[in-house]
Amino acid sequence: MAAVRGLRLIAMALRAVTLWPGGSRLLAASRGPRALRELSSSSPEAGEGQIHLTDSCVQRLLEITEGSEFLRLEVEGGGCSGFQYKFSLDTVINPDDRVFEQGGARVVVDSDSLAFVKGAHVDFSQELIRSSFQVLNNPQAQQGCSCGSSFSVKL
């Protein structure tokens, strides 16, 4: 319980110093590949507050989701480094959710969790011992554990 309360306090602190993009609920890539190419890294829409989906993530989501299903990414307190990523399939979009769409695949992140993963890439990795969605290149993470599902935040 204390870990969840700590997560919310840190999220509120990060939100206080972070400028959120105004009102847009969709990733620039959902406007089409041309719009994505036209955005530069200096553009506020290009990376600030965005989640990027790899081709393998998009492909796997298109295989496993049906109808209005999407992948929900959450950050919760726990794991060996302080915070951990949690993935689940969901069908309900809440008012504080941000929707990131690419190639018909959708990933949804609540505003508290977005503070911890903005600018990161969501990937699907398939190995001999496991297959899983993973967060890669998270600019908000200071360090992570060897399993890749736990991290500590930059302050």
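Since we're looking at a predicted model, the values are computed, not measured.

I'm lost on the nonpolar core in this one. Help?
Side chains that are nonpolar tend, in soluble globular proteins, to be buried together. One finds Ile51, Leu73, Val109, Val117 and Phe151 to be the most contacted residues of the largest nonpolar core, which totals 26 residues. Among the elements of the structure, helix H4 (55-64), strand S2 (70-77), strand S3 (83-90), strand S5 (105-110), helix H5 (111-117), strand S6 (121-126), strand S7 (131-136) and strand S9 (150-153) are those that each provide at least two residues to this core. Considering each element in turn, this core owes the most residues, four residues, to H5.

How should the packing of aromatic side chains be read in this particular structure?
For any pair of aromatic rings, the description rests on two quantities: the centre-to-centre distance and the angle between the ring planes. Applying the stated rule across the entire model yields three aromatic pairs. Here the aromatic residues Phe87, Phe124 and Phe133 are joined through ring pairs into a cluster of three or more.

Looking at this model, I keep getting lost on the confidence of the model for the chain. Mind explaining?
Low pLDDT marks stretches whose predicted atomic positions should not be read closely. For the chain, the average pLDDT comes to 73, and 63% of its residues sit at 70 or higher. Note on residues 1-46: pLDDT is under 50 here. Beyond four places in sequence and across chains, it has 54 contacts.

Where do I start with the pattern of salt bridges in this structure?
Side chains carrying opposite charge are able to pair once their charged atoms draw close together. Per the stated rule, a full pass over the model turns up three salt bridges. With a shortest N-O distance of 3.0 Å, Arg60 and Glu63 are connected by a salt bridge. Remark: Glu63 and Arg60 occur in helix H4; sequence separation between them is three residues, near one turn of the helix. Classification of Glu63 by relative accessible area gives partly exposed; the value is 49%. Here Arg72 ties to Asp97 by a salt bridge, and the two come within 2.8 Å at their closest N and O atoms. In this pair, Arg72 sits in strand S2 while Asp97 sits in strand S4 (residues 97-102), placing the two residues 25 residues apart along the sequence. Residues participating in the shared-partner salt-bridge network are Arg72, Asp90 and Asp97.

How do you make sense of the sheet that holds S6 when you look at a structure like this?
Sheet strands associate in pairs through backbone hydrogen bonding, adopting either a parallel or an antiparallel arrangement. Pairing is mixed in the open sheet, where three strands are placed in the order S1-S6-S7. This sheet does not close on itself; its edge strands, each paired only once, are strand S1 (52-53) and S7. Taken together, the six bridges between S6 and S7 define a ladder with antiparallel strand orientation. When the bridges of S7 are listed, Phe124 appears paired with Phe133. Together, S1, S6 and S7 form the strand contacts of H4, whose direction differs from that of S6 by roughly 70 degrees.

Any chance you could explain H4 here in plain terms?
Since one α-helical turn is 3.6 residues long, residues separated by three or four positions face the same way. Of the positions making up H4, those classed as buried are Cys57, Val58 and Leu61. On an axial view of H4, the arc spanned by its buried residues comes to 95 degrees, and they lie on one face. Of the exposed residues in H4, the ones pointing more than 90 degrees away from its buried face are Asp55 and Gln59.

About the thresholds
- Residues numbered from 1 in each chain as written.
- Predicted model: local features only at pLDDT ≥ 70, side-chain atom pairs only at ≥ 80, totals over all residues.
- Heavy atoms only, no water.
- Core = buried A, V, L, I, M, F, W, Y, C linked by side-chain atoms within 4.5 Å.
- Buried < 20%, exposed > 50% of the residue type's maximum accessible area, 1.4 Å probe, protein only.
- Helix = DSSP H or I, 4+ residues; strand = E, 2+ residues; numbered from the N terminus.
- Phe/Tyr/Trp six-rings, centres within 6.5 Å; stacked < 30°, edge-to-face > 60°.
- pLDDT = per-residue confidence, 0-100.
- Contact = heavy atoms within 4.5 Å.
- Salt bridge = Lys/Arg side-chain N within 4 Å of Asp/Glu carboxyl O.
- Pairing = 2+ DSSP bridges.
- Axes fitted to C-alpha atoms, helices over the stretch in contact; angles between N-to-C directions.
- Arc of directions from axis to C-beta.

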